[in-house]
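# Summary of structural features
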Amino acid sequence: QLQLVESGGGLVQAGYSLRLSCVASGRTFGSRAVGWFRQAPEKERIFLAAISWTGGSTSYADFVKGRFTISRDNTKNTVYLQINSLKPEDTAVYSCAAAPAGKSHLPITEYDVWGQGTRVTVSS
């Protein structure tokens, strides 16, 4: 079955950038749309960005627009989240999630496969 594995997190100074990766394991993404989420300490998990199966459509939470970019390379079976100008408040566990099989376009109303998350820590 489809499994998602995130990578690219770590400890970074404020102002720097990271590119997180979400790789499908067990099977390919196929035509599923994919989203990124994060959960900061003592906070709820929140939506960050989503991308259609072709990469032609994207959506973002208002607070990340201009700093976060979601993209995908289906030939590499990978969805990316580029985060620029990192801030301490970006510290969180970042997870990717896939829409149900057959859900190719935005908006995504439900997710059925989640990754384990990759931790991003931004220091001052």
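Structure: see above.
Reference entry: report on the structure contained in this document.

What counts and how
- Residues numbered from 1 in each chain as written.
- Predicted model: local features only at pLDDT ≥ 70, side-chain atom pairs only at ≥ 80, totals over all residues.
- Heavy atoms only, no water.
- Buried < 20%, exposed > 50% of the residue type's maximum accessible area, 1.4 Å probe, protein only.
- Helix = DSSP H or I, 4+ residues; strand = E, 2+ residues; numbered from the N terminus.
- Pairing = 2+ DSSP bridges.
- Axes fitted to C-alpha atoms, helices over the stretch in contact; angles between N-to-C directions.
- Contact = heavy atoms within 4.5 Å.
- Core = buried A, V, L, I, M, F, W, Y, C linked by side-chain atoms within 4.5 Å.
- Phe/Tyr/Trp six-rings, centres within 6.5 Å; stacked < 30°, edge-to-face > 60°.
- Salt bridge = Lys/Arg side-chain N within 4 Å of Asp/Glu carboxyl O.

## A look at the pairing of strand β1 (residues 3–7)
Every second residue of β1 is oriented toward a common face, the buried set being L4 and E6 and the non-buried set Q3, V5 and S7. Bridging between β1 and strand β3 (residues 18–25) involves five bridges; their strand directions are antiparallel. What sits directly across from Q3, in β3, is S25.

## Section: the sheet that holds strand β8 (residues 78–83)
Taking strand neighbours across the sheet as the criterion, the four strands line up as β1-β3-β8-β7 in an open arrangement whose pairing is antiparallel. Two strands lie at the open edges of the sheet, namely β1 and β7 (68–73), each paired on one side alone. Taken pair by pair, the neighbouring strands of this sheet meet at an average axis angle of 20°, ignoring direction.

## Digging into the pairing of β8
Most of β8 sits out of view: five of its six residues are buried. Connecting β7 to the next strand, β8, in antiparallel fashion are four residues, including N77 with a positive phi near 60°.

## Description of the side chain of S21
Assignment of secondary structure puts S21 in strand β3. The contacts of S21, once residues within four sequence positions are left out, are V5, E6, S7, W36, T78, V79 and Y80.

## What about the nonpolar core?
L4, L20, W36, L48, V79, L81 and Y94 are the most contacted members of the largest nonpolar core, which has 29 residues in total. Of all the elements in the fold, those that place two or more residues in this core are β3, β4 (34–39), β5 (45–51), β7, β8, β9 (92–98) and β11 (118–123). Residues contacting L81, with those up to four places away along its chain left out, are L18, R19, L20, W36, L48, A49, F68, T69, I70 and Y94. One finds A33, F37, A50 and A97 within the second-largest nonpolar core, a separate group that totals seven residues.

## Some remarks on the packing of aromatic side chains
One pass over the full model with this rule turns up four aromatic pairs. Ring geometry for F37 and W114: centres 4.8 Å apart, planes at 50°, overall tilted. Within this pair, whereas F37 is found in strand β4, its partner W114 is found in strand β10 (residues 113–114), the two being separated by 77 residues in sequence. Look at F37 and you get buried, because its relative accessible area is 8%. Its relative accessible area of 31% is what places W114 among the partly exposed residues. Between Y111 and W114 the ring centres are 5.8 Å apart and the planes differ by 55°, which places this aromatic pair in the tilted class.

## Things to note about the side chain of D90
Position of D90 relative to the elements: it lies in the loop between β8 and β9. Setting aside residues no more than four positions away along its own chain, D90 makes contact with R38, R67, F68, S85, V120 and V122.

## Considering the pattern of salt bridges
Inspection of the entire model under this criterion finds four salt bridges. Its salt-bridge partner being R67, residue D90 comes within 2.8 Å of it at the nearest N-O pair. With D90 in the loop between β8 and β9 and R67 in the loop between β6 (58–60) and β7, this residue pair connects regions lying 23 residues apart in the sequence. The network of salt bridges with common partners includes R38, R67 and D90.

That is the geometry; function is a separate question.
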